[in-house]
Amino acid sequence: MSERRMLIVNAELVKKIDENRGDLSRPDFLNFLIDSQLKEETKKPGGVTREEFAQFQEGTRELLRSFLQVFISYGLELGKQPDDNDFEQLSQQLQSLGGSPKIKGL
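Everything in this summary refers to the structure shown in the same document. (Residues numbered from 1 in each chain as written. Predicted model: local features only at pLDDT ≥ 70, side-chain atom pairs only at ≥ 80, totals over all residues. Heavy atoms only, no water.)

With respect to the packing of aromatic side chains
Item 1. By the definition in use, this model includes 1 aromatic pair.
Item 2. Here F53 and F56 contribute two aromatic rings whose centre-to-centre distance is 6.5 Å and whose plane-to-plane angle is 35°, an arrangement assigned as tilted. Residue F53 and its partner F56 are both found in helix α3 (residues 50-77); the two are separated by 3 residues, about one turn of the helix.
Item 3. For F53, a relative accessible area of 43% gives the class partly exposed.
Item 4. A relative accessible area of 57% means that F56 is categorised as exposed. (Phe/Tyr/Trp six-rings, centres within 6.5 Å; stacked < 30°, edge-to-face > 60°. Helix = DSSP H or I, 4+ residues; strand = E, 2+ residues; numbered from the N terminus. Buried < 20%, exposed > 50% of the residue type's maximum accessible area, 1.4 Å probe, protein only.)

So, the pattern of salt bridges
Where charged atoms from two side chains of opposite charge come close, those side chains can pair.
Item 1. Taken as a whole and assessed by the stated rule, the structure comprises 6 salt bridges.
Item 2. We note a salt bridge from R5 to E3, for which the minimum N-O separation is 2.5 Å.
Item 3. On the basis of relative accessibility, which here comes to 62%, the residue E3 falls in the exposed class.
Item 4. Linking D18 and R21 is a salt bridge whose minimum nitrogen-to-oxygen distance equals 2.9 Å.
Item 5. Owing to a relative accessible area of 28%, D18 belongs among the partly exposed residues under this scheme.
Item 6. When salt bridges with common partners are traced through the structure, they connect E58, R61, E62 and R65 into a single cluster. (Salt bridge = Lys/Arg side-chain N within 4 Å of Asp/Glu carboxyl O.)

So, in structure tokens, the structure goes:
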């Protein structure tokens, strides 16, 4: 027979345990909760993985590229012609954002 100890808790907590334990005894229900919580802790990583972060970075770069494409296209449609130096700088900045293929029209 295992050693037994007494745990004093609020009456509200005992009521909550009794409402949720179903057919389990109080000790069995508490053991189940503690075990499931400890197993859940080991399953959760403490942060993001390198792959997840790399995917986030690439998604952010793609969003920036798309934004710049729309911005440049909108500017060109309004009739304001950028000088070649500004246009070349924007093109180089877009290319430096990542290893993606060159953007059409630049």
